[in-house]
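Chain by chain, the residues run as shown.
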Protein chains: 2
Amino acid sequence: MLTPRDDLYPSRFGKQTQYLPRQDPVIHGDAQQRALTGLSAEQLASFDNDGFVILHSVFNNDEVLALRAESDRLRQDPAMRSSKEVIREPHDGAVRSVFRPHTLSDLVANTVGDKRLKDIAQGLLNDEVYIHQSRLNYKPGFRGTEFYWHSDFETWHVEDGMPRMRAVSMSITLTDNHANNGSLLLIPGSHQTYVTCTGETPENHFEKSLRKQEYGVPSDEALSRLIQEGGIVRAECAPGSVIVFDCNTVHGSNSNITPDARANIFVVYNAMTNAVIDPFCTQPPRPEHVCTREDIVAI
Amino acid sequence: MLTPRDDLYPSRFGKQTQYLPRQDPVIHGDAQQRALTGLSAEQLASFDNDGFVILHSVFNNDEVLALRAESDRLRQDPAMRSSKEVIREPHDGAVRSVFRPHTLSDLVANTVGDKRLKDIAQGLLNDEVYIHQSRLNYKPGFRGTEFYWHSDFETWHVEDGMPRMRAVSMSITLTDNHANNGSLLLIPGSHQTYVTCTGETPENHFEKSLRKQEYGVPSDEALSRLIQEGGIVRAECAPGSVIVFDCNTVHGSNSNITPDARANIFVVYNAMTNAVIDPFCTQPPRPEHVCTREDIVAI
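This is a predicted model, so every value here is computed, not measured.

Undergrad: So what about the overall build of chain A? Which residues, and what values?
TA: Scanning chain A from terminus to terminus reveals nine helices and 13 strands. With the principal axes as the frame, chain A shows a C-alpha extent of 50 × 45 × 40 Å. The 299 residues of chain A split such that 57% are buried. Within chain A, residue pairs in contact and separated by at least 24 positions form 86% of the contacts whose partners lie at least 6 positions apart. Of the roughly 12000 Å² of accessible surface on chain A, a fraction of 49% belongs to carbon and sulfur atoms. Between the averaged position of the 29 positive side-chain charges in chain A and that of its 40 negative side-chain charges there is a distance of 4 Å.

Here it is in structure tokens:
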């Protein structure tokens, strides 16, 4: 059940999907703020209209190689094996994600705090920003599992208590994202609608949802509607690219049976004025490594 | 363990992958036979070199609609529900395949016996042909599971006793096969090498393997090598196309989270002189609906 306080983006109740219009701008900054992002008018328009923009060749080859080595080191670190910050594949236990890498590695901290990325986040959100979540993602070759469609904001709002749509995600690609290795799929325009999900949030949902999401996913009907309207764009790009996407853009990925693994650093910048409050569900807040709550500091 | 008789294509033993050269031609027919296929020199060369060729617009829209309706009818037929000829998705029980549809439907029988397809099979194999296997495949939207890389011949040889590489498969597409809905992936040139698989065939393997194959799949090393040499081609094509591929061409498909289901009629033509004998493993032969053994009649 919902808490009695006002909820602009209610979800996880009832049996019917609702399509609520977005209550927040996509780009919060004015012309001056937009200029500070360093993005072209075309890139800004793409982000505004589609809910994402792919920036190619942001990091050079040396930077990518260093980040990939650091990512491998963190994934393989024996000290991390039993850490709650490590998420494994359901079927074989391989490490799929390492949370909060920016607190574990100076190199990752410097990368997610890179001025180019920070300028984009601040300019789009028109505020100082902090890191709501960061993770290293690794989708292995041959046996990389799919990740089903979802809006991150739906989860962040309901389970974390992120009040408004004023956060932006960036995926820094460390490997090639090509046609067949399970590259990110995005639904252009999906960020303009808040699609409510049915079913209450179960206890300790986050532990399962980070492996395989079953709640907080849009219905078949909703996905059909969003895809009929916007289509699907596959984010094909070389290592060193940055996929910038709005917190409410619906995305997912197919499985990967090719030999080519995929790895990226995923980081979510949230506006300081949009810091999380109590979750919009009856479950306790998710832990700090999934959602920054204690350590809200502008980068 | 292997039977003592000569086995040109041994597999499922030992711990090391072996790469055995193909012992049979890809196109068995001479120039005159090739001409009878109705395929162009370019298409024949593609089949010979790559191990497959995609024929577009073989069946027209009306034919496709009729076949799709017939396919839906067979999949939904309550009488088929508990039939052994029906294979279901592991996670939700949805019908994924119906075997031997050509014995259940005149329309399907006429389609797999269509002169255009029969001419291709006879011309490529230089022999009269019979149907080794047929099935309706259905990969649903949203929750379509992947199918891992494999050579059909490896299974047909070991588990069915198909002596030589003298069979050709055709996938008649009933839906759009596009970039993101789990279209067939093929490895060009993989048909020229017989990649042995490790591990013995377990009892009643076929019941599981039709849902999720665990034995008779090439090693990571073998797949990396084949894909490094040949790459991956995704068989993107409209409904009514026919993907013609050699029995030893390694193929697979990723999962499908898009709303667009995929359906096809899959049929395997085997040369009459290449009819199955005893399996090349210690397990009993697979049942008739998976491998024609009793009812070997030229079409």
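Undergrad: How would you sum up the sheet that holds strand β8 (residues 185–186) of chain B? Please name residues and give values.
TA: Residue and element names in this part refer to chain B. Taken together, the four strands give an open sheet; going across it, the order is β6-β12-β8-β10, and neighbouring strands pair in antiparallel fashion. Of all the strands in the sheet, just β6 (147–150) and β10 (233–234) have a single pairing partner and so form its edges. Here β6 pairs with strand β12 (residues 251–253) via two bridges, running antiparallel. If you follow F147 over to β12, its bridge partner there is S253.

Undergrad: How would you summarise the interface of chain A and chain B if you had to cite specific residues and measurements?
TA: Facing 24 residues of chain A, the contacting portion of chain B comprises 24 residues. When chain A packs against chain B, the two sides together hide about 1900 Å² of surface, and 52% of this comes from carbon and sulfur. Contact with chain B buries area across many residues of chain A, yet F142, N180 and I257 of chain A alone supply 32% of it, more than any other trio. Here chain A and chain B share two salt bridges between them.

Undergrad: I'd like to hear about the side chain of N270 of chain B, residue by residue, with values.
TA: The topology assignment puts N270 of chain B in strand β13 (residues 262–271). Not counting the four nearest positions on each side in its chain, N270 of chain B is found in contact with L125, E128, V129, Y130, H132, M162, R166, A167 and A275 of chain B.

Undergrad: Tell me what's going on with the confidence of the model for chain A, and back it up with residues and numbers.
TA: Mean pLDDT over chain A: 91, with 93% of residues reaching 70 or higher. Per the prediction output, this complex has pTM 0.89; the corresponding ipTM is 0.87.

Undergrad: I'd like a description of the pattern of salt bridges, backed by residues and values.
TA: A full pass over the atoms with the stated rule returns 25 salt bridges over all chains. With a closest N to O distance of 2.8 Å, E154 of chain A and R12 of chain A form a salt bridge. Of this pair, E154 of chain A sits in helix α7 (residues 152–160) while R12 of chain A is found in the segment before β1 (19–21), placing the two residues 142 residues apart along the sequence. R12 of chain A matches E154 of chain A in its accessibility class, with the two residues each being buried. We note a salt bridge from D119 of chain B to K115 of chain B, for which the minimum N-O separation is 2.7 Å. Linking D119 of chain B with K115 of chain B, this pair stays in helix α6 (residues 115–125), spanning four residues, or about one helical turn. Through salt bridges with shared partners, a single ionic network connects R12, E154, E159, D160 and R286 of chain B.

Undergrad: Would you mind going over the relation of the copies chain A and chain B in detail, with residue names and values included?
TA: Think of it as a corkscrew move, a rotation about one axis and a shift along it, taking one chain copy to the other. With an axial shift of 0.0 Å and an RMSD of 0.0 Å, the rotation relating chain A to chain B amounts to 180°. Here the symmetry operator amounts to a two-fold rotation axis. If distances are taken from each C-alpha of chain A to the rotation axis, the shortest is found for S255 of chain A, at 2.7 Å. Taken together, the interface assignments show that 100% of the residues at the interface of chain A recur at the interface of chain B, consistent with an identical surface on both copies.

Undergrad: Any chance you could break down the state of the cysteines for me, citing the residues and the numbers?
TA: Per the stated rule, a full pass over the model turns up zero disulfides over all chains. The thiol of C291 of chain A is not disulfide-bonded; the next cysteine sulfur, from C281 of chain A, is found 11 Å away. Looking at C197 of chain B, it has no disulfide partner, and the nearest cysteine sulfur is the one in C281 of chain B, 13 Å off. The class for C197 of chain B is buried, based on a relative accessible area of 3%.

Undergrad: Which residues make up the sheet that holds strand β10 (residues 233–234) of chain A, and what are the values?
TA: Ordered by their spatial adjacency, four strands build an open sheet running β6-β12-β8-β10 (chain A), and the pairing between neighbours is antiparallel. For this open sheet the edge positions go to β6 (147–150) and β10 of chain A, each flanked by a neighbour on one side alone.

Undergrad: Any details on the environment of I187 of chain B? Residues and values, ideally.
TA: Counting through the fold element by element, I187 of chain B comes out in the loop between β8 and β9 (193–195). Sequence-distant contacts of I187 of chain B, that is, excluding residues within four places in its chain, are made with D50, W149, L223, L226, I227, G231, T249 and V250 of chain B.

Undergrad: Provide a residue-level description of the packing of aromatic side chains, including the pertinent values.
TA: Describing an aromatic ring pair means giving the distance of the ring centres and the angle of the ring planes. All names here are of chain A. Scanning the model with the defined rule gives eight aromatic pairs over all chains in all. Ring centres of Y9 and F153 lie 5.1 Å apart, and the angle between their planes is 80°; on these two criteria the pair is classed as edge-to-face. One end of the pair, Y9, is in the segment before β1; the other, F153, is in helix α7, and 144 residues separate them in sequence. Consider the rings of F153 and Y194, whose centres lie 6.0 Å apart with planes at 75°: the pair is edge-to-face. Here F153, found in helix α7, pairs with Y194, found in strand β9 (residues 193–195); they are 41 residues apart in sequence, far enough to count as distant. Exposure class is identical for F153 and Y194. Each is buried.

Undergrad: Run through unusual backbone geometry, naming residues and quoting values.
TA: One non-glycine residue, S57 of chain A, adopts positive backbone phi at about 55°. The residue S57 of chain A is located in the loop between β2 (52–55) and α3 (61–76) in this model. Looking at S57 of chain A, the relative accessible area reads 64%, which means it is exposed. A positive phi angle, near 70°, is found at F142 of chain B, a position not held by glycine. With respect to the helices, strands and loops of the structure, F142 of chain B is situated in the loop between β5 (129–139) and β6. Accessibility expressed as a relative area gives 7% for F142 of chain B, which makes it buried.

Rules and cut-offs
Going along each chain's sequence as written, the residues are numbered from 1 onward. Starting at A for chains and at 1 for ligands, labels are handed out in the order in which the entities are written. Thresholds applied to this predicted model are a pLDDT of at least 70 for local features of residues and 80 or more for the giving and counting of side-chain atom pairs; totals over whole chains, interfaces and linings are not thresholded and use all residues. No hydrogens and no water enter the side-chain calculation; it runs on all heavy atoms of the structure. Numbering goes from the N terminus for both helices and strands, where a helix is a DSSP run of H or I of at least four residues and a strand is a run of E of at least two. Relative accessibility under 20% of the residue-type maximum defines a buried residue, over 50% an exposed one, and the middle range a partly exposed one, all with a 1.4 Å probe and only protein chains included. Pairs of residues are marked as contacts when any of their non-hydrogen atoms sit within 4.5 Å. Working definition of accessibility: Shrake-Rupley area with a 1.4 Å probe, residue cover restricted to the visible protein chains. Charge counting treats Lys and Arg as positive and Asp and Glu as negative, with His and both chain ends excluded. We put the charge of a Lys on NZ, of an Arg on CZ, of an Asp on CG and of a Glu on CD. Paired strands, as defined in this entry, are two strands with at least two bridges between them according to DSSP. Once two parts are joined, some of their accessible surface, as seen by a 1.4 Å probe, is lost; buried area is that loss totalled over both. Any Lys or Arg side-chain nitrogen located within 4 Å of an Asp or Glu carboxyl oxygen qualifies as a salt bridge. The predictor's confidence in any single residue is recorded as pLDDT, a number from 0 to 100. Superposition of the copies was done by least squares, using only C-alpha atoms of residues whose pLDDT is at least 70 in both. In this description, the term disulfide denotes a pair of cysteine sulfurs within 2.5 Å. Centres within 6.5 Å make a pair out of two Phe, Tyr or Trp rings, where for Trp the six-membered ring is used; the pair is then stacked when the planes are under 30 degrees apart, edge-to-face when over 60, and tilted otherwise.

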